[in-house]
Amino acid sequence: MAKYTPMMEQYLKIKAEHKDAFLFFRLGDFYEMFFDDATLAARELEITLTKRDGGKEEPTPMCGVPYHSAANYIKNLIDKGYKVAICEQVEDPKIAKGVVKREVVQLITPGTVMESNMLEEHDNNYIASLSHFDDGSYVIIYNDLSVGENNIALIPGGWDAVMHELYNQPIKEIVIASDLPDTLKEDLHKKLNITLSYQDETTFNAEYRSLCANLNDERLVQAFSRLLNYIEDTQKRSLDHLQPAQVIKLDNYLSLDMYSKRNLELTETIMKKGKHGSLLWVLDQTVTAMGSRMLKKWLDRPLLNHQEIEGRFDTVEGFLQGFMERDTLRETLKSVYDLERLAGRVAYGNVNARDLIQLKQSLEKIPELKAVLTQFDKEKIMELSDKLSFPEKLTSLLSSSLKDDPPVSITEGSIIKDGYHDKLDTYREASRNGKQWIAELEQKEKQETNIKSLKIGYNRVFGYYIEVTKANLHLLPEERYERKQTLANAERYITPELKEKEQLILEAEEQSVDLEYNLFLEIRDQVREHIPEIQYLAEVVSQIDVLQGFATVSEANQYKRPEFSKNRLAIKNGRHPVVEQVMKNDAFVPNDILLDQETSILLITGPNMSGKSTYMRQLALTVIMGQIGCFVPCEEAELLLFDQIFTRIGAADDLVSGQSTFMVEMLEANHAIANATENSLILLDEIGRGTSTYDGMALAQALVEHIHNQIHAKTVFSTHYHELTALEDSLDRLKNIHVRAEEYEGNVVFLHQVKDGAADQSYGIHVAKLAELPSPLIERANTILRQLESNNESNAVEAGQLSFFAETEQAKPNKNQVSQSTANVVKDLKDMNLFEMTPMDAMNALYQLQKQAKED
Ligand code: ADP
């Protein structure tokens, strides 16, 4: 049987070690892919699939991308969640015996990309790792290689808690143990859309001792080792830019489960999955990418510490009052580049001279920034200013060494300033003198030959040459000139003298380029020592940016500084921060809300579309805004510090997991009651809607009672079951409120005003009318409704009679007494296929049965 060619053998051997990645196999000027990799890559990258003789009878499928444009193709694959293993020739093909040696030099994965074109400027790019321990706890580590950050969270609860924590984080890839159960792997991959990677080695590598300085729990160290081992394996370089791991104490933050993160549309909307229309969209008035990334982190973890929140408020207030100064501050911040990512690239070794110039320009802004901050003349802002220390040594290193406008490449010179290094100056002088000499030679040749158009030029292939147009050739004394190249209307020559000088110039240039490269590496290493300093600056600048952003948005929308109370939440004329932005002309109707010791549950009724869920969301968003330190949309607010928020809002089906609305409803409700404390906020919108009326109502009532009697969490509960409003009588801390709507000439007019008491009717058909359903249909619905309402009444009467007769002998069911028409009713009832009926069909059929029964 035919065997694979030696090169194919080599390919297959390397591919076997990188099964879950595309193997980019270097062949000359191309990266080639073979077999399944080739078929898949051809489809994903829309490139031509070809074949190559691999030694077997069947040709091998193959496709390839040019080496010089590989970056775009790699980005494309990474964006789709794939991994790419770069396999290079690691010996000179000229001296290789047999097949050139090749090795994988880097594994590029979604969570470990460092190239700025592959990173989203305003998002962190996390690679996470997950470890599981015998006591049922999990440890999650977030690492952003592009900035060097490591954060560790210990999750004592089960798998659900892990999913809630991971949801909505910018995680591209997660490193797990290969024996994690398949269902959990699927949760991560399918529900959270994260690329999976495996690492079973969790032994601690002493090299990383300093990174573990803050970890006093063996489980954390072990979990961290899993991640570090993976990163080292894939990146094949040292990880010395990583910062020591910080433990995130989840108890220090307001916790939002994944339902709330999604339902409240904090960073993206449910429908369009974009920032537009989210709370972040309104609040993000940051001017730096670092600030914008930090704002997202704050939104993900609002604070619980009162003092810390007041500290943020003080700063925002200061920024708000200094209007002119804030303008200057924003301008100054605009010229600060992404210090955090620049520091990451310095450490990682892929920084170029332009990056370092950006670093220098940013550092030079620090004194200006401090000066502006001082002008606000506020204690909290001064504290921030004091934290910014100008790295003088680093800045002067960069400004004395690097040219202001260096090229992207670091191997072609023109990076280092004159006067920075003696030897470099000497080379440059030699090359400059040489060029001067050539300019003089040109003059001399012109005079001697009397050819005015004679010129001396240079190209890479022939070096320096003397060019004479064909028309002037007769003027040239042949003997000194050696012909090198013929063009359409000119000839190019060299002379021994020119060649000799060329040698000197090129040598000097080559040496100076080499030297520049080495000097650049030296400078980079020096900058590397300042990384912690740069990272700290980045952190402070980001904070300043987020807080000035809060002031900017608070001013634009007239947000107010809230106060925190121990037992009362009172918001006067509160607004929904996003809806009010989308509505024009101040059309948003503000509303009050009050929850205190007497009232812990608000039961809100009102027609569909009247604004119930808006009212509930606005409360949650106001609470979150307050706890991240931003002012809030209202006239006056007293807030409570909530430990957790739970929501069941809106009808968005969980399409990803394929669960029905009702199942999701129940899961969300269960999650809330299982975890809420008396310091939590629960928002339940139309619970029980997804099932039949009595089921739904019964569940809703039981839930409200449970929260009222057992949990004591502050709760807003909206419902269209008017029957539930009677709960006000039995539950002493429950209060009815409703959103007002009025009927005007047969149409419903929504006033969006929240008032005390229960709503009087539900206006469902009015809303259908507004939605322009055909008018015969609307009329029919009205008729049915009237019938249903009158039947309801007669039912009640009948129910009363039944109970009366129940006490007498007559009322006992007696087989012989069942008439023919009752038998028909029973038969019809038995024949009914309930699962194929809509609720409306069922209602109609029931109505018919009842009519028949009554005729009996
Ligand atoms: P419900 O939950 O009662 O069905 P929504 O809260 O979804 O109603 O509100 C329906 C629409 O009414 C919203 O999309 C919004 O445009 C408008 N709306 C809600 N509350 C207000 C308000 N306070 N002021 C102005 N318009 C509002």
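Residues numbered from 1 in each chain as written. Predicted model: local features only at pLDDT ≥ 70, side-chain atom pairs only at ≥ 80, totals over all residues. Heavy atoms only, no water.

As for the sheet that holds strand β8 (residues 138-144)
Part 1 of the argument: Taken in spatial order, the six strands of this open sheet run β11-β10-β7-β8-β9-β12, and their pairing is mixed. Each having just a single partner strand, β11 (195-198) and β12 (246-248) make up the two edges of the open sheet. The average undirected angle you get between the axes of adjacent strands in this sheet is 25°.
Part 2 of the argument: Note: strand β7 (residues 126-132) against β8, six bridges, orientation antiparallel. Across the sheet, Ser129 pairs through a bridge with Ile141, a residue of β8.
Part 3 of the argument: Where helix α4 (residues 159-166) meets the sheet, its contacts fall on β7, β8, β9 (149-155) and β10 (171-176), and the angle it forms with β8 comes to roughly 20°. (Pairing = 2+ DSSP bridges. Helix = DSSP H or I, 4+ residues; strand = E, 2+ residues; numbered from the N terminus. Axes fitted to C-alpha atoms, helices over the stretch in contact; angles between N-to-C directions. Contact = heavy atoms within 4.5 Å.)

Things to note about the confidence of the model for the protein
Part 1 of the argument: Per-residue pLDDT for the protein averages 87, and the proportion of residues at 70 or more is 92%.
Part 2 of the argument: Here residues 653-658 is a poorly scored stretch, pLDDT under 50, and it has nine contacts once near neighbours within four places are set aside; other chains count.
Part 3 of the argument: Here residues 793-817 is a poorly scored stretch, pLDDT under 50, and it has eight contacts once near neighbours within four places are set aside; other chains count. (pLDDT = per-residue confidence, 0-100.)

Regarding the pattern of salt bridges
Part 1 of the argument: Summed over the entire model, instances satisfying the criterion amount to 45 salt bridges.
Part 2 of the argument: The salt bridge involving Glu555 is made with Arg326; its shortest N-O contact spans 3.1 Å. Taken together, the residues span a long stretch of sequence, with Glu555 in helix α19 (residues 531-557) and Arg326 in helix α11 (residues 323-334) at a distance of 229 residues.
Part 3 of the argument: Overall, the relative accessible area of 33% leaves Glu555 in the partly exposed class.
Part 4 of the argument: In this structure Arg326 comes out as buried when scored by relative accessible area, which is 3%.
Part 5 of the argument: Bridged by salt links that share partners, the residues Asp418, Arg428, Glu429, Arg432 and Glu516 form one connected network. (Salt bridge = Lys/Arg side-chain N within 4 Å of Asp/Glu carboxyl O. Buried < 20%, exposed > 50% of the residue type's maximum accessible area, 1.4 Å probe, protein only.)

Considerations on the packing of helix α13 (residues 353-364) against helix α16 (residues 392-401)
Part 1 of the argument: Where α13 meets α16, the axes come as close as 9 Å, and the angle between the chain directions of the two elements is 135°. Of the possible angle classes, the one that applies to α13 and α16 is oblique. Relative to α16, α13 is oriented so that their crossing is left-handed. Only Leu394, Thr395, Leu398 and Ser399 of α16 make contact with α13, whose side of the interface consists of Leu356, Leu359, Lys360, Leu363 and Glu364. (Parallel < 35°, antiparallel > 145°, perpendicular 65-115°, else oblique. Left-handed = near helix turned anticlockwise from the far one by under 90°.)

Observations regarding a nonpolar patch on the surface
Part 1 of the argument: Taken together, the side chains of Met840, Met843 and Leu846 present a nonpolar region at the surface, about 290 Å² in accessible area.
Part 2 of the argument: Inspection of the secondary structure puts Met840 in helix α28 (residues 839-855).
Part 3 of the argument: Looking at Met840, the relative accessible area reads 46%, which means it is partly exposed. (Patch = residues over 30% accessible without salt bridge, like charges linked within 9 Å, V, L, I, M, F, W, Y side chains within 5 Å. Areas by Shrake-Rupley, 256 points an atom, 1.4 Å probe, with all protein chains shown as cover.)

Section: the packing of aromatic side chains
Working definition: an aromatic ring pair is given by the centre-to-centre distance plus the angle between the planes.
Part 1 of the argument: Tallying each qualifying case throughout the model produces 16 aromatic pairs.
Part 2 of the argument: Measuring from ring centre to ring centre gives 6.2 Å for Tyr11 and Phe35, while their planes differ by 35°; the resulting arrangement is tilted. Pair noted here: Tyr11 is in helix α1 (residues 6-16) and Phe35 is in helix α2 (residues 35-45), with a separation of 24 residues, a long-range link.
Part 3 of the argument: Ring-pair connections join several aromatic residues into one group, and the members of that group are Tyr4, Tyr11, Phe25, Phe34 and Phe35.
Part 4 of the argument: For the cation-ring pair, Lys56 lies above Tyr4, with the distance from its terminal atom to the ring centre recorded as 4.8 Å.
Part 5 of the argument: A cation over a ring is seen here: Arg492 above Tyr465, with NZ or CZ 4.1 Å from the ring centre. (Phe/Tyr/Trp six-rings, centres within 6.5 Å; stacked < 30°, edge-to-face > 60°. Lys NZ or Arg CZ within 6 Å of the ring centre and 35° of its normal.)

So, helix α21 (residues 612-628)
Part 1 of the argument: For α21, with 17 residues, the first-to-last C-alpha span of 25 Å sits near the 24 Å given by 1.5 Å per residue.
Part 2 of the argument: Among the 17 residues in α21, 15 count as buried, and that is most of the element.
Part 3 of the argument: Just downstream of α21 lies Gly629, where phi reads positive at about 100°. (Expected span 1.5 Å × (residues − 1).)

Some thoughts on unusual backbone geometry
Part 1 of the argument: Even without being a glycine, Phe35 presents a positive backbone phi close to 50°.
Part 2 of the argument: The exposure class assigned to Phe35 is partly exposed, which follows from its relative accessible area of 22%.
Part 3 of the argument: With a phi angle near 65°, Asn450 is a residue other than glycine that sits in the positive phi range.
Part 4 of the argument: Within the fold, Asn450 resides in the loop between α17 (422-449) and β14 (455-459).
Part 5 of the argument: Among the residues examined, Asn450 registers a relative accessible area of 57% and is labelled exposed.

Quick look at the sheet that holds strand β21 (residues 601-605)
Part 1 of the argument: Spatial ordering of the open sheet is given by β13-β23-β24-β25-β21-β26-β27, a layout of seven strands whose pairing is mixed. The sheet terminates laterally at β13 (255-256) and β27 (747-756), the two strands that pair on one side only.
Part 2 of the argument: By the bridge criterion, five bridges tie strand β24 (residues 681-685) to strand β25 (residues 714-718) in an arrangement that is parallel. Looking across to β25, one finds that Ile682 is bridged to Thr715.
Part 3 of the argument: Docked against the sheet, α21 engages β13, β21, β23 (644-648), β24, β25, β26 (734-744) and β27, running at close to 160° with respect to β24.
Part 4 of the argument: Packing of helix α22 (residues 661-675) onto the sheet brings it into contact with β23 and β24, and relative to β23 it is tilted by some 160°.

Quick notes on the site of the ligand
Part 1 of the argument: Every one of the 13 residues lining the ligand counts as a neighbour, but Val589, Met609, Lys612, Ser613 and Thr614 are closest to it.
Part 2 of the argument: Within the backbone of Ser610, a nitrogen or oxygen atom sits 3.2 Å from an oxygen atom of the ligand.
Part 3 of the argument: Thr614 places a polar side-chain atom, nitrogen or oxygen, 2.5 Å from an oxygen atom of the ligand.
Part 4 of the argument: Among the elements that line the shell around the ligand, the one with the most residues is α21, at three residues. (Near = heavy atom within 4 Å. Polar contact = N/O pair within 3.5 Å; in protein donor to acceptor, adjacent residues only side chain to side chain.)

Quick look at the nonpolar core
Part 1 of the argument: Counting 100 residues, the largest nonpolar core has Leu283, Leu356, Val527, Leu569 and Leu619 as its most contacted members.
Part 2 of the argument: Once you skip the residues sitting within four places of it in the chain, Leu356 turns out to touch Val346, Val351, Leu398, Leu402, Phe520, Ile523 and Val527.
Part 3 of the argument: If you look at the next biggest cluster of nonpolar residues, it comprises 25 residues, including Tyr138, Ile140, Ile155 and Tyr259. (Core = buried A, V, L, I, M, F, W, Y, C linked by side-chain atoms within 4.5 Å.)

Some words on the pairing of β7
Part 1 of the argument: Among the seven residues that make up β7, six are buried, leaving the element largely enclosed by the rest of the structure.
Part 2 of the argument: Here β7 pairs with β10 via four bridges, running parallel. In the sheet register, Ala128 faces β10, and the bridge partner there is Ile174.
Part 3 of the argument: Turn length for the β7-β8 hairpin, with the two strands adjacent in sequence and antiparallel, is five residues, and the turn residue Gly136 shows positive phi of about 90°.

Some words on the side chain of Gln627
Part 1 of the argument: Among the secondary structure elements, Gln627 is positioned in helix α21.
Part 2 of the argument: Its relative accessible area of 0% is what places Gln627 among the buried residues.
Part 3 of the argument: Side-chain polar atoms of Gln627 contact the backbone nitrogen of Phe642, separated by 3.0 Å.
Part 4 of the argument: Residue contacts for Gln627: discarding those within four places in its chain leaves Leu254, Pro302, Leu303, Leu304, Ile309, Phe564, Leu640, Leu641 and Phe642.

With respect to the environment of Val221
Part 1 of the argument: Inspection of the secondary structure puts Val221 in helix α6 (residues 218-235).
Part 2 of the argument: C-alpha of Val221 to C-alpha of Ala245: the two residues are 24 residues apart in sequence and 9.6 Å apart in space.
Part 3 of the argument: Ignoring any residue separated from it by four or fewer positions in sequence, one finds Val221 in contact with Phe204, Cys212 and Leu215.

Re α17
Part 1 of the argument: Spanning 28 residues, α17 covers 40 Å between terminal C-alpha atoms, matching the ideal 40 Å at 1.5 Å per step.
Part 2 of the argument: The set of residues buried in α17 consists of Leu424, Tyr427, Arg428, Ser431, Gly434, Ile438, Leu441, Glu442, Glu445 and Thr449.
Part 3 of the argument: Its buried side turned inward, α17 meets β14, β15 (463-469) and α18 (496-528).
Part 4 of the argument: Asn450 sits one or two residues past α17 and shows a positive phi near 65°.

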